[in-house]
Amino acid sequence: MKKFELLGATAIALFAAAPAFAQNTESAPQAAQESEEDTSSSEIIVTATLRSENLQEVPIAVSAFNTESLDKAGVRDIRALDSVSTSFNLNSTQTESGGTTLRVRGVGTTGNNTGLESSVGIFLDGVYLSRPGIALGDLLDVNQVELLRGPQGTLFGRNTSAGALNIRTAKPNLNKFEGFANGTYGNYDLINLQGGVSAPLIDGKLGFRLSAAYRNQDGFGRSVTGAESNDRNRYIVRGQLYFEPNSDFNLRLIGDYQKSNEKCCDAPVIQESSIVAANVFLANGLPQNGGIVVSGVDAAQNRRGNSQQFRDRIEQGGGSAEANLKIGNADLISISGYRISRAASIQETDFSTLNVFSTSRGSTGAANAIPSFTKIKTFNQEVRISGEAFEEKLQYLFGVYYSDERINEIQTLTLGTDFQRAISANLTALGAPGPNPALNIFANPTGVPGAGVSAAGNFASNRFQQNGRNISFFTNETFKITDNFSINAGLRYSDDRKKGIFTQSAANSPACLAVLANPLTGPLAGLKPLAVGLTCFPFAVQTNILGPNTAFLAPTPVPFNRVFKDNELIYTGKLTWQPRENINTYLSYTHGYKAGGFNLDPTAAAGGTPRGSADPRFKSEKVNTYEFGLKTKFLNNALTANLAIFHNDLSDFQVLEFTGVQFVTFNVAKAKATGAELELTAKLSREFTVNGAFTYSDARYPKKCAGTDIRQQVTSLCGNSLTNAPEVVAIAGFNYDRDIGSNLNFGLNGSIRLESDRRTSTQAVRVDNNSIKNPFDIQDGNAKINLRAGLGAQNGAWRIEVFGNNIFDVQTRNVTFDIPLRGGDFIRNNPALGTGAQGVARGVFNQEPRTYGVTVRSKF
């Protein structure tokens, strides 16, 4: 922490010194004067309001990053945007395709469930990407990335209750041939190739653009089994046609295809369960260590896991069409988009060397099992008309938006050869007699030695379907009251309809039936509910296995066929005032909304009454945001300083929690986020620029967050901060760019990113005992430094760069969680095995280590 405080003080001093230095040096006024002409042409234009406007005049907290700034920061995909934005956070867990979460200002929706949509909407050339995993491909041939902070639902298509990521690719050039090629080689055998060409087909009227990227890199995670994880093996191809026959009409067609075959993500065990020391695994015919060979802080720091395989294959493609037609003084815009994505994963997610279970047919070759996959088809259509009226006193925009999404998912889990003995080890820890491999009393209804039913090969292939439709009507108007004062108002009526279906394609679970048939009388009678809950593992058991009148219905999946309906009026109001040139202020209030839906988990409808089932739906999330913004430029535009102060009130906040045996989705009545953001850029001379960004966000569950909900999983959250939401994040950077002679250019840039402590688990405390904190939940404050140096031609024809990211190899965690079936609430409270947090094994998903390499660039 002392290191963090020192670096934090250094960054704050840099922020404070930048404007002072600009004012007090002799070169600053000269530099400002020299750059005045350049500044007018280098204004940053954004489309945050669906119009092209100067970033400094838009009444929204938005950061924009062009191709050059992304290249200098080493941002290859959106997961690395946190190196340039203090308000953005992204993390992935078991799979990148389904377990990716985006957060803005500390607010976001945990992934790993296809039924949940992101709180941060992602838009690629105006088309909504319905899940974060779809957007994780390389940022290829990008013109600009805009990060809009705060709810944006009045203008952007769907689900932007926390913010929006607006990605715009480069258009074809209608007037000349141009191209680029980049190649990078780095540690972990990184090979990254990108290239593209653009040329006119009919001069000034029709052109094409074709670009492609390939990235391959060894994984930075290694298992004792020899398996690796967190590797890269992907490629993308994008083609475009742009037609502009005259100034009143243009049409842009874009198509892309991308594919990845990667291994994500193993999790080192940072804390072993106390049941290992009790030798319960050895007593059940397993290795004494229970299949976890390496564990502890050193294992996490060295990124050493115990798993056997993680495979995540993603194949997707899509196309879009954008047409712009000028009708008098109005602009009519139509954007159509279609995308199909298919992801398939094979994982042994017990995070040990044992063969406990697999998200596939498994090594036992379960008959009739269907490999796990997720297929998502989306279609989006938006039409809007905008223009000016009343002598440019009114800017108007009206639009309609329609989206259709079809999800088809198979979740297969197969129990392995070690599953039954691992379950017995957990039960042995509670005092049950330890069976040998030939006799398992819990799956042996007769009690005859050798008559036990093996769980090996037991499986379930569960099918989920969700068909969703959204239609919305929206408008946004800006009234210019005076030359310096404007009022902006926006409305969107959004109507959502979803149908969720859960059926079982195939299943076979005789071990569960055997445990249910076992009377377990005498001293073991009290263990039967637990034995049923563990052996009838919810992801690998038949549905309704006991019929509607059994007391043990809860652990078994219940099919459902339900409809979700909701509608909401989303609205915003903004006051903007320009007290003087280059000083713009705004005050806004926004009511945002994110649709609810279905928990696509086998246990979502389980746990109801014997005559019915639980409701698999979760409610829509709503947010009210208050924001004040100040955007300024000084010293002939040499110094830019932007400030935003915000407060978010969230209701029915959507939360996903993994309990060790199921994914539970629920709503929390209240959550809040309060804070401020500051962004600074100072051009100290023609060659030297410094920049800084600072975000303070107190994203938390208030002490009375649960409302009337008395469930422990909800009440235990109250009074804690949101997951992966550091209170303080700061970035300080510099860029030095100097011409050498008449042909060469030298560049050096670097940045330091600092963040304060943050939580990494869904729950800060044990649900069964709120006085006990989850171990290793807190990721300590840290600082990461990136550096890049380059030498090349002044005209950009060629350039060679060396780079290092996280150069001091600071190891940090994304997510901390309980290892499945390795201790649990029932173990934590056993005094003989240690109390509280010691009873359960904890795993961690790590962030990227140090990377470095060489990049060669060429433009022609």
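Residues numbered from 1 in each chain as written. Predicted model: local features only at pLDDT ≥ 70, side-chain atom pairs only at ≥ 80, totals over all residues. Heavy atoms only, no water.

Caption draft 1: The arrangement of the environment of K259 in detail. For K259, the location among the structural elements is in strand β17 (residues 249–262). Judged by its relative accessible area of 37%, K259 falls in the partly exposed class. K259 sits 23 residues away from I236 along the chain, and the two C-alpha atoms are 6.6 Å apart. Beyond its immediate sequence surroundings of up to four residues, K259 is in contact with N233, R234, Y235, I314 and E315. (Helix = DSSP H or I, 4+ residues; strand = E, 2+ residues; numbered from the N terminus. Buried < 20%, exposed > 50% of the residue type's maximum accessible area, 1.4 Å probe, protein only. Contact = heavy atoms within 4.5 Å.)

Caption draft 2: Seen up close, the sheet that holds strand β15 (residues 228–229). An order of β15-β14-β19 is seen for the three strands of this open sheet, with the pairing classed as mixed. Two strands in the sheet have a free side with no partner beyond their single neighbour: β15 and β19 (304–305). The pairing of strand β14 (residues 221–223) with β19 spans two bridges and is parallel. By the bridge assignment, R222 is partnered in β19 with R304. (Pairing = 2+ DSSP bridges.)

Caption draft 3: Looking closely at the pairing of strand β21 (residues 330–347). In the sheet, strand β20 (residues 310–327) pairs with β21 via 18 bridges, with the strands oriented antiparallel. Paired with G319 across the two strands is Y338, which belongs to β21.

Caption draft 4: Inspection of unusual backbone geometry at higher detail. At the junction of C264 and C265, the peptide bond is cis and its omega measures out at 0° in the coordinates. Following the sequence through the fold, C265 ends up in the loop between β17 and β18 (269–271). With phi around 65°, L50 is a residue other than glycine that occupies positive phi space. Assignment of secondary structure puts L50 in the loop between β1 (45–46) and β2 (53–54).

Caption draft 5: View of the state of the cysteines. Here the structure, examined in full by the defined rule, presents three disulfides. With a sulfur-sulfur separation of 1.6 Å, C264 is cross-linked through a disulfide to C265. On the sign convention where negative is left-handed, the bridge of C264 and C265, at about -45° about the S-S bond, is left-handed. In this structure C265 comes out as buried when scored by relative accessible area, which is 4%. Between the sulfur atoms of C512 and its disulfide mate C536 the distance is 1.9 Å. Its S-S torsion of approximately 90° makes the covalent link between C512 and C536 right-handed. (Disulfide = S-S within 2.5 Å.)

Caption draft 6: Molecular detail of the confidence of the model for the protein. With 88% of its residues at a pLDDT of 70 or more, the protein has an overall mean of 86. Considering only residues more than four positions removed or in separate chains, one finds that residues 547–554, a stretch of pLDDT under 50, has 16 contacts. Within the model, pLDDT remains below 50 along residues 828–837, and this stretch shows 22 contacts once partners closer than five positions in the same chain are excluded. (pLDDT = per-residue confidence, 0-100.)

Caption draft 7: Main features of the packing of aromatic side chains. Inspection of every chain in the model, using the stated rule, returns 19 aromatic pairs. When the centroid spacing of 5.1 Å and the interplanar angle of 45° are considered together, the rings of Y589 and Y626 count as tilted. Here the residue Y589 occupies a position in strand β28 (residues 583–594), and Y626 occupies one in strand β31 (residues 621–634), the gap between them amounting to 37 residues. Joined through ring pairs, the aromatic side chains of F310, F351, F817 and F845 make up one cluster. We note R342 situated over the ring of F373; from NZ or CZ to the ring centre the distance is 4.3 Å. (Phe/Tyr/Trp six-rings, centres within 6.5 Å; stacked < 30°, edge-to-face > 60°. Lys NZ or Arg CZ within 6 Å of the ring centre and 35° of its normal.)

Caption draft 8: Representation of the pattern of salt bridges within the structure. Inspection of every chain in the model, using the stated rule, returns 44 salt bridges. Across the pair R469 and D495 runs a salt bridge whose closest N-O atoms are separated by 2.9 Å. A residue pair is termed long-range when its members are at least 10 positions apart, and R469 in strand β25 (residues 459–480) and D495 in strand β26 (residues 485–508) qualify at 26 residues. R469 gets classed as partly exposed once you look at its relative accessible area, which sits at 25%. With a closest N to O distance of 2.7 Å, R711 and D709 form a salt bridge. With a relative accessible area of 37%, R711 lands in the partly exposed category. When salt bridges that share partners are traced, they join D77, D138, R215, R232, R234 and E262 into one network. (Salt bridge = Lys/Arg side-chain N within 4 Å of Asp/Glu carboxyl O.)

Caption draft 9: Spotlight on the packing of helix α6 (residues 510–517) against helix α7 (residues 528–535). Where α6 meets α7, the axes come as close as 9 Å, and the angle between the chain directions of the two elements is 175°. Between α6 and α7, the crossing angle belongs to the class labelled roughly antiparallel. Mapping the contact onto sequence places A511, C512, V515 and L516 in α6 and K528, A531, V532 and T535 in α7. Of the residues belonging to the contact of α6 with α7, the class tally is six nonpolar, one polar and one charged. (Axes fitted to C-alpha atoms, helices over the stretch in contact; angles between N-to-C directions. Parallel < 35°, antiparallel > 145°, perpendicular 65-115°, else oblique. Nonpolar A, V, L, I, M, F, W, Y, C, P; charged D, E, K, R; others polar.)

Caption draft 10: Expanded view of helix α5 (residues 419–428). With nine of 10 residues buried, α5 is to be regarded as a mostly interior element. Within the sequence span of α5, burial applies to F419, Q420, A422, I423, S424, A425, N426, L427 and T428.

Caption draft 11: Molecular detail of the environment of L139. Mapped onto the elements, L139 comes out in the loop between β8 (127–129) and β9 (142–149). The spacing of L139 and I167 is 28 residues in sequence and 8.8 Å in space, taken between C-alpha atoms. Contacts of L139, omitting those with residues within four sequence positions, involve V75, R76, D77, I78, I167 and Q194.

Caption draft 12: Broad picture of the sheet that holds strand β3 (residues 62–66). The five strands lie next to each other as β3-β9-β10-β7-β8, forming an open sheet whose pairing is mixed. In this open sheet, the two strands that pair with only one neighbour each are β3 and β8. Taking each pair of neighbouring strands and ignoring which way they run, the sheet shows an average axis angle of 20°. Pairing between strand β7 (residues 120–124) and strand β10 (residues 163–169): five bridges, direction parallel. Bridge pairing in β10 places F123 opposite N166.

Caption draft 13: Up close: the nonpolar core. The biggest cluster of nonpolar side chains holds 42 residues, and the ones touching the most others in it are I78, I167, F653, V668 and Y701. Beyond its immediate stretch of four places on either side in the chain, F653 contacts V107, G108, E621, F666, N667, V668, A671, Y701 and L722. (Core = buried A, V, L, I, M, F, W, Y, C linked by side-chain atoms within 4.5 Å.)

Caption draft 14: Region of the structure containing the packing of α5 against α7. Axis separation between α5 and α7 bottoms out at 10 Å; the angle between their running directions is 150°. Regarding the angle of α5 to α7, the classification is roughly antiparallel. As for how α5 packs across α7, the hand of that crossing is right-handed. Every residue of α7 that contacts α5 at F419, I423, N426 and L427 is listed here: L530, A531, L534 and T535. Here the residues of the contact of α5 with α7 are counted per class, giving six nonpolar, two polar and no charged. (Left-handed = near helix turned anticlockwise from the far one by under 90°.)

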